[in-house]
Amino acid sequence: MNLASGATILLLALCLALLGWWLAARMTAWRRSAHARRRARIAQAGEQGAAALLEQHGYAIVAGQTRHHVTYLVDEVPHHAVLQCDYVVARDGIVFVAEVKTGDLAPQLQTAATRRQLLEYQVAFAVPGIVLIDMARGTCAEVRFALPAVRGAMA
């Protein structure tokens, strides 16, 4: 084998390796995208069924997909974020935020991300609690965090 044919084989192997890497990356992105679309479909179906479930449990739907703007300070510099809850509901004159969860882990308060989200909503929306809707089990539960008074809170 001469030097030219060795270089050609090496170049061909490098091109094939790059092509394989690119194809693997595209397949991974496609699988993730398909998984995200599937999760979005399940979540959307869950939210549609949640309205009926809320009403069965005596909640009146005030609004759906409500956005709330929050401001927080980092070293006295204001920053802004937008939160979006699934529903604002009321029962017996008390207003709650309702959050719809599907799947096995998301509706559980042992799941840190769910617990943090509900706590964030209770504080940001200034409601006494959150109605956690577990679509897999067809249940609604009022979740209330016992929050201490905050000294030096923003006005």
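What you see is a predicted model; the values in this text were computed from it and never measured.

So, how was this worked out
- Residues numbered from 1 in each chain as written.
- Predicted model: local features only at pLDDT ≥ 70, side-chain atom pairs only at ≥ 80, totals over all residues.
- Heavy atoms only, no water.
- Helix = DSSP H or I, 4+ residues; strand = E, 2+ residues; numbered from the N terminus.
- Polar contact = N/O pair within 3.5 Å; in protein donor to acceptor, adjacent residues only side chain to side chain.
- Contact = heavy atoms within 4.5 Å.
- Expected span 1.5 Å × (residues − 1).
- Phe/Tyr/Trp six-rings, centres within 6.5 Å; stacked < 30°, edge-to-face > 60°.
- Buried < 20%, exposed > 50% of the residue type's maximum accessible area, 1.4 Å probe, protein only.
- Salt bridge = Lys/Arg side-chain N within 4 Å of Asp/Glu carboxyl O.

A. The arrangement of the side chain of Glu99 in detail. Considering the arrangement of structural elements, one finds Glu99 in strand 3 (residues 94-101). Of note is the side chain of Glu99, whose polar atom sits 3.4 Å from the side chain of Gln117. Ignoring any residue separated from it by four or fewer positions in sequence, one finds Glu99 in contact with Cys85, Asp86, Gln117, Leu118, Tyr121, Ile130, Val131, Leu132 and Ile133.

B. Layout of helix 2 (residues 112-124). A rise of 1.5 Å per residue sets the reference length of helix 2, with its 13 residues, at 18 Å; its end C-alpha atoms lie 18 Å apart and thus fit the reference within 8%. With its phi angle positive at about 55°, Ala126 sits one or two positions after the end of helix 2.

C. Examining the packing of aromatic side chains more closely. A complete count under the given rule lists two aromatic pairs for this structure. Each ring, one from Tyr59 and one from Phe96, has its centre 6.1 Å from the other, and the planes form 90°; the classification is edge-to-face. Of the two residues, Tyr59 is situated in the loop between helix 1 (3-56) and strand 1 (60-74) and Phe96 in strand 3; the sequence distance between them amounts to 37 residues. Per residue, the accessibility class of Tyr59 equals that of Phe96, and both read buried. Judged by centre distance (5.6 Å) and plane angle (75°), the ring pair of Tyr121 and Phe125 falls under edge-to-face. According to the relative accessible area criterion, Phe125 is buried, its value standing at 14%.

D. Structural view of the pattern of salt bridges. Counted under the stated rule, the structure contains four salt bridges. Residue Asp134 pairs with Arg137 through a salt bridge whose shortest N-O separation is 2.8 Å. Beyond isolated ion pairs, a larger network of salt bridges with shared partners links Arg91, Glu142 and Arg144.

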